[in-house]
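Working through the structure, step by step
Here is how the chains run, residue by residue.
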Amino acid sequence: MPLKIIDHGSKEYKQMVEMRNQILRKPLGLSFKPEELEKEKEDVLIGAFEDDEMLGCCLLTQVDASSVRLRQMAVKTGLQGKGIGRVLMQFAENLARDRGNRKIVMHARKTAVGFYEKLGYKVAGSEFEEVTIPHYIMEKQL
Ligand SMILES: CC(C)(COP(=O)(O)OP(=O)(O)OC[C@H]1O[C@@H](n2cnc3c(N)ncnc32)[C@H](O)[C@@H]1OP(=O)(O)O)[C@@H](O)C(=O)NCCC(=O)NCCS
């Protein structure tokens, strides 16, 4: 399963946005604003592929000189629970580390906290609401 950095605006990026919409936004009755997507030009966009089909994705946003925020983690419905998310996270962590970062932070959905805990992330702080659902800040030193 090849993992790739995707260019903003490319065919793969369009696939990524469509997948994120299906998995992360539509079920909540939400969608992406053009300005939200425009800002992603600054981000590291990551996809897992099988031939030309995207199986999963995530992205990294630089927060400060030594930390990044992991966002938009999603694995295709029907392929979840098969190890794709773990491989994506390992790829993203290696990239972050190679770029000189010491820490990854995220706003994790409450339903995904157990997944991130398995990968060594710790909850930092109390529950809050984002995109209409409960989240926790989670972090890991690289
Ligand atoms: C959460 C998500 C990204 C995980 O990816 P995945 O490919 O399904 O996860 P993996 O198969 O790599 O799982 C790795 C381990 O975490 C566990 N795990 C997976 N999802 C979990 C969850 N939601 N809660 C608790 N544990 C979970 C797996 O059982 C596996 O455990 P094991 O190593 O003991 O077998 C994926 O299920 C998904 O896209 N969910 C819907 C969207 C979402 O919630 N995204 C996260 C937003 S913060």
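Residues numbered from 1 in each chain as written. Predicted model: local features only at pLDDT ≥ 70, side-chain atom pairs only at ≥ 80, totals over all residues.

1. Let's talk about the site of the ligand
With respect to spatial proximity, 19 residues lie near the ligand, and among them Gln80, Gly85, Arg86, Gly114 and Phe115 are the closest. Among the secondary structure elements, those contributing two or more residues to the shell around the ligand are α1 (11-25), β4 (67-75), α3 (84-98), β5 (103-109) and α4 (113-118). A class-by-class count of the residues in the shell around the ligand yields 9 nonpolar, 6 polar and 4 charged. (Near = placed C-beta within 6 Å. Helix = DSSP H or I, 4+ residues; strand = E, 2+ residues; numbered from the N terminus. Nonpolar A, V, L, I, M, F, W, Y, C, P; charged D, E, K, R; others polar.)

2. Digging into the environment of methionine 73
Relative to the assigned elements, methionine 73 resides in strand β4. Here the alpha-carbon distance between methionine 73 and alanine 108, two residues 35 residues apart in the chain, equals 9.3 Å.

3. Points about the environment of serine 67
Looking at the element boundaries, serine 67 is found in strand β4. Serine 67 sits 34 residues away from asparagine 101 along the chain, and the two C-alpha atoms are 5.1 Å apart.

4. Some words on α3
For α3, with 15 residues, the first-to-last C-alpha span of 21 Å sits near the 21 Å given by 1.5 Å per residue. Inspection of α3 places Ile84, Gly85, Leu88, Met89, Ala92 and Ala96 among the buried residues, and these make up the whole buried set. Along α3, the residues classed as buried sweep out an arc of 130 degrees about the axis, all on the same side. Seen from the buried face of α3, the exposed residues on the opposite side, beyond 90 degrees, are Gln90, Asn94 and Asp98. In this structure, the buried side of α3 is in contact with β1 (3-6), β2 (44-50), β3 (53-64), β4, β5 and α4. One or two residues past the end of α3 sits glycine 100, with phi positive at roughly 90 degrees. (Expected span 1.5 Å × (residues − 1). Buried ≥ 20, exposed ≤ 12 C-beta atoms within 10 Å, placed from the backbone. Arc of directions from axis to C-beta. Contact = placed C-beta atoms within 7 Å.)

5. Observations concerning the nonpolar core
The biggest cluster of nonpolar side chains holds 29 residues, and the ones touching the most others in it are Ile46, Cys57, Cys58, Leu70, Leu88 and Ala92. For this core, the secondary-structure elements that each account for two or more residues are α1, β2, β3, β4, α3, β5 and β8 (133-141). The leading source of residues in this core is β3, at 6 residues. Apart from the residues lying within four places of it in its own chain, the contact partners of leucine 70 are Cys58, Leu60, Ala92, Ile104 and Met106. (Core = buried A, V, L, I, M, F, W, Y, C linked by C-beta atoms within 7 Å.)

6. Quick look at the pairing of β4
Bridge count for β3 against β4 is 7 bridges, and the pairing is antiparallel. Within β4, the residue paired with leucine 59 across the bridge is arginine 71. The loop that links β3 with its antiparallel partner β4 comprises 2 residues. Note: β4 against β5, 4 bridges, orientation parallel. Within β5, the position partnered with arginine 69 by the bridge is valine 105. Read from β4 through α3 to β5, the crossover connection turns out right-handed. (Pairing = 2+ DSSP bridges. Right-handed = clockwise from strand over helix to strand, strands pointing away.)

Purely geometric stuff here, so don't read any function into it on its own.
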